[in-house]
Amino acid sequence: MLLDISREEDLAFAVAALRRGELVAFPTETVYGLGADGFNEDACRAIYAAKGRPSDNPLILHIADMSDLRDIAEEIPEAAVDLAEAFWPGPLTLVLKKRKVVSNTVSGGLDTVAVRMPDNDLARTLIRALGHPLAGPSANVSGHPSPTLAAHVAHDFGDHIAGVVDGGPCRVGVESTIVDLTTSPYAILRPGGIPRARIEALIGPVTMAGPTAADEAPKAPGMKYRHYAPEAPAYLLTGERRAERILVRLADAPRPVGMLIADETLAGLGEIEPEVFVWNMGSFAHPEDAAHRLFEGLRRMDAIGVKEIYIDAWPRVGIGEALMNRIDKLSQPWCWNKEDPS
Ligand code: TXA
Ligand code: MG
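Read on for a plain summary of the structure. (Residues numbered from 1 in each chain as written. Chains lettered and ligands numbered in written order. Predicted model: local features only at pLDDT ≥ 70, side-chain atom pairs only at ≥ 80, totals over all residues. Heavy atoms only, no water.)

Another aspect to go through is the side chain of Arg299. Here Arg299 shows up in helix α11 (residues 287-304). In this structure the side chain of Arg299 is engaged in a polar contact, spanning 2.6 Å, whose partner is the backbone oxygen of Pro145. Excluding residues within four positions of it along the chain, Arg299 makes contact with Asn140, His144, Pro145, Ser146, Pro147, His152, His155 and Asp156. (Helix = DSSP H or I, 4+ residues; strand = E, 2+ residues; numbered from the N terminus. Polar contact = N/O pair within 3.5 Å; in protein donor to acceptor, adjacent residues only side chain to side chain. Contact = heavy atoms within 4.5 Å.)

Within the secondary structure, Ile194 sits in the loop between β10 (187-190) and α8 (196-203). On the accessibility criterion, Ile194 (6% relative accessible area) is buried. Separated by 44 residues in sequence, Ile194 and Thr238 place their C-alpha atoms 25 Å apart. Each residue touching Ile194, except ones within four places of it in the same chain, is listed here: Phe87, Pro91, Leu92, Thr177 and Ile199. (Buried < 20%, exposed > 50% of the residue type's maximum accessible area, 1.4 Å probe, protein only.)

Turning next to helix α12 (residues 320-330). For α12, the tally of buried residues reaches eight of eleven residues, placing the bulk of the element in the interior. Where the residues of α12 are buried, they touch β10, β12 (234-237), α11 and β15 (308-312).

Here we come to the pairing of strand β3 (residues 33-37). The element β3 is largely enclosed, with a buried count of five among its five residues. Between strand β2 (residues 24-26) and β3, which pair antiparallel one after the other, the connecting turn spans six residues. Bridging between β3 and strand β7 (residues 134-135) involves two bridges; their strand directions are antiparallel. Looking at the pairing, Asp37 lines up with Leu134 of β7. (Pairing = 2+ DSSP bridges.)

By themselves, these are just geometric observations and shouldn't be taken as functional.
Next up, the structure:
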């Protein structure tokens, strides 16, 4: 059920459902979250079951006010205060030592907790009305692209959850940056909506967690699982002369075929035939537009049932780093001919 919690009846319905231990999805500026009462362990367990999520992949607790932080985190270093003051509410998640009130179901058995204050009035209204933090992973079935519209959540969960608070399209479109403040040096576990440079400007150099080897304990447990994958194989377009090279490939690509490409690539393609589906990601000069459009484009390609997807690589600067982190995970390099592997 779609909920409009600016109406008192809908807010009361959502809060009552959460208090009963049911799940209510909520909008944030990054992606929609699948919410449960963060202090109700059974409700948090239900999140794992609904998503098909492995139980060692912990949940983020979403808070509405700075005072909520001290209820759930044990040690709050100065760097946490600096980052929170600069970027909350916003697309930043802090990993801190947890208090006992944070269950092992939320923390995935770790002694830390991930906390974030979302930059969305509806989300914070819901958290305040509930009076507890909202546990919430992205509101997609595990392995599906993250949801950036209420309709995406409804598609994945239908009537299996109590409702979806409709907040329209998510502004940022990729998930939050996760910073672990329990290690020395501090570490970015997942690039996201706040670029690394802005974090380092405040707290100094941080390490960036690379891909986790299979036999190594992952830093952000979620990073080891297959993510964001559309149904069809996706091929990454890099290097020069992309339009020219796609046109050669299109001659024998199976139909329907999909493309998530930039204005600059699209400009070179000429007239597009009907069985070729283009999702325009905007200009290379504006990676924030591409981040905003990525997950919706992937879901459209799934809905159309394309057989192959071609996707532009973006400059890895600013939010382009988070964008390419997602794109790298869902695509494989495309080699258009053996003499020219660019
Ligand atoms: O933008 C976001 O962060 C969205 C919105 C809904 O807030 N949420 C989100 O949640 O992306 P999820 O569950 O899809 O991803 C959370 C990531 C996972 O990779 C998880 O392993 C990691 O955060 N994580 C959670 N708690 C952690 C902890 N205590 N230590 C290390 N990593 C943690
Ligand atoms: Mg997720």
